[in-house]
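# Observations on the three-dimensional arrangement
Each chain, written out:
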Amino acid sequence: ARPAWGHRKVWAMCRHDGLAVSQASVLRLLRDEGLLLEANYQRERRQLAARRKAAFAVEPTGANQVWQLDFTEFETTTGGIWRLAGCRDHWSKYELGWHVSPTANQHDAITAIELALDEAARLAGRPLIDLAARDVDGNVVPLVTVVTDNGGPFRSFRFEAFIATHPELRHVRTRVRSPGQNGSRERGFGTLKYERLFLEEIDDALALVEHAEDYRIDYNTVRPHEALSWNRPLQVHLGLADPKIPNFPEPEILPTT
């Protein structure tokens, strides 16, 4: 059902379903069925993860502290090239929404942040500005650092003006020619493509939006995440799981006869 998943994610899903199996057993079963991915695939993903660097001085300690934003592109089978923009929470790896457009300009970047603000407010039960602290003068202290690269949309006056109208946000750009500093965002786009988009025949933008959103829901709520100790992004984002401690249910012990 999930051909892009390796044995560890299948094992984690088994654990979440209450099955006390080992990683070795799952690996052996997948190997026997000829369902393992090539070793190079996993090696490349580990190398990408090793190159990730933080673009901020202090590591976040919770959700809605650091969002990473960027664009990626995807070509549909009818020949159209579409750009996806989206914010990803660095702490929880939660995908806050996709904006699909034929362009990748400052308007698209702003729309992606607006989607993220709406999704974050929905999860928190109130706008993020209400969660932000105030200084001694009553001014809002920025809550979320939006990290981007140095692309034109993120250097535009309109984009910076939008950030300025949202005191709960601040904008940080990575160093020039340092894509690894926005590595979590790049990793998320790669996962979206290799686990869903590249496996489907996607004819047009409407189908692309549908597939991307279905995957976002699956990614946030079902797919175990190795970087989160096999927890789901939604659990971590809502504070229901610690990203450093697995949160598997206890397996059911059947009575012996």
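Described in the following lines is the structure provided in the data block. Every chain is numbered on its own, with residues counted from 1 as its sequence reads. Local features in a predicted model are, by the rule used here, given only for residues with pLDDT of at least 70; side-chain atom pairs are given and counted only at 80 or more, and totals for whole chains, interfaces and linings are based on all residues. With hydrogens and water set aside, each side-chain value is computed from the structure's full complement of heavy atoms.

### Points about the overall build of the protein
Applied cut-off: Secondary structure elements follow DSSP: runs of H or I of four or more residues count as helices, runs of E of two or more count as strands, with numbering from the N terminus. Exposure categories follow from relative accessible area, calculated using a 1.4 Å probe and restricted to protein chains: below 20% of the type maximum is buried, above 50% is exposed, and the middle band is partly exposed. The criterion used for residue contact is that any of the two residues' heavy atoms lie within 4.5 Å. Note on areas: Shrake-Rupley with a 1.4 Å probe; residue coverage comes only from the protein chains shown.
The helix and strand inventory of the protein stands at nine helices and five strands. Mapped in sequence order, the helices and strands of the protein form the string α-α-α-β-β-β-α-β-α-α-β-α-α-α. Here the protein holds 257 residues, and the buried ones make up 44% of them. If you take every contact in the protein between residues at least 6 apart in sequence, the share linking residues at least 24 apart comes to 61%. Roughly 13800 Å² of accessible area belongs to the protein as shown, and the carbon and sulfur atoms make up 52% of that amount.

### Focus on helix α8 (residues 205-221)
Note the threshold: Expected span, for any helix, means 1.5 Å times one less than how many residues it has. By the criterion applied in these results, polar contacts are pairs of N or O atoms within 3.5 Å in which, for protein atoms, one can donate a hydrogen and the other can accept it, and in which residues neighboring in sequence qualify only through two side-chain atoms.
Between its terminal C-alpha atoms α8 stretches 24 Å, which fits the 24 Å expected from 17 residues at 1.5 Å a residue. Those residues of α8 lying buried are A205, A207, L208, H211, A212, Y215, R216, D218, Y219 and N220. Contacts made by the buried residues of α8 are with β1 (66-75), β2 (81-89), β3 (95-101), α4 (106-124), α7 (183-195) and α9 (233-237). Residue D204 occupies the N-cap position of α8, its side-chain oxygen lying 3.3 Å from the main-chain nitrogen of L206.

### Focus: the pattern of salt bridges
The condition that has to hold: Criterion for a salt bridge: a side-chain nitrogen of Lys or Arg within 4 Å of a carboxyl oxygen of Asp or Glu.
Taken as a whole, this structure holds 10 salt bridges when the rule is applied. As a salt-bridge pair, R2 and D218 come within 2.9 Å of each other at their nearest N and O atoms. Highlighted residues: R2 in the segment before α1 (7-16) and D218 in helix α8, separated in sequence by 216 residues. Under the relative-accessibility criterion, R2 is labelled partly exposed at 35%. Of the charged contacts, one joins R83 and E73 as a salt bridge, the two residues approaching to 3.7 Å between their closest N and O atoms. Residue R83 is found in strand β2, and its partner E73 is found in strand β1; the two are separated by 10 residues along the sequence.

### Some details on the sheet that holds β3
Hydrogen bonding along the main chain pairs the strands of a sheet, whether they run parallel or antiparallel. For clarity, the threshold we go by: Note: two strands are recorded as paired if DSSP finds a minimum of 2 bridges between them. Note on geometry: axes are lines fitted to C-alpha atoms, helical ones only across the stretch in contact, with angles between N-to-C directions running from 0 to 180 degrees.
Strand order across the open sheet formed by five strands is β3-β2-β1-β4-β5, with mixed pairing between neighbours. The open sheet terminates on both sides in strands that have one partner only, identified here as β3 and β5 (169-173). Neighbour-to-neighbour, the strand axes of this sheet turn through a mean angle of 25°, independent of strand direction. Here three bridges tie β1 to strand β4 (residues 144-148), and the two strands are oriented parallel to one another. Looking across to β4, one finds that Q68 is bridged to V147. The strands touched by α4 within the sheet are β1, β2, β3, β4 and β5, with β3 carrying the most contacts at an inclination of about 150°. Across the sheet, helix α6 (residues 157-164) lies against β1 and β5, angled at about 145° from β5, the strand it touches most.

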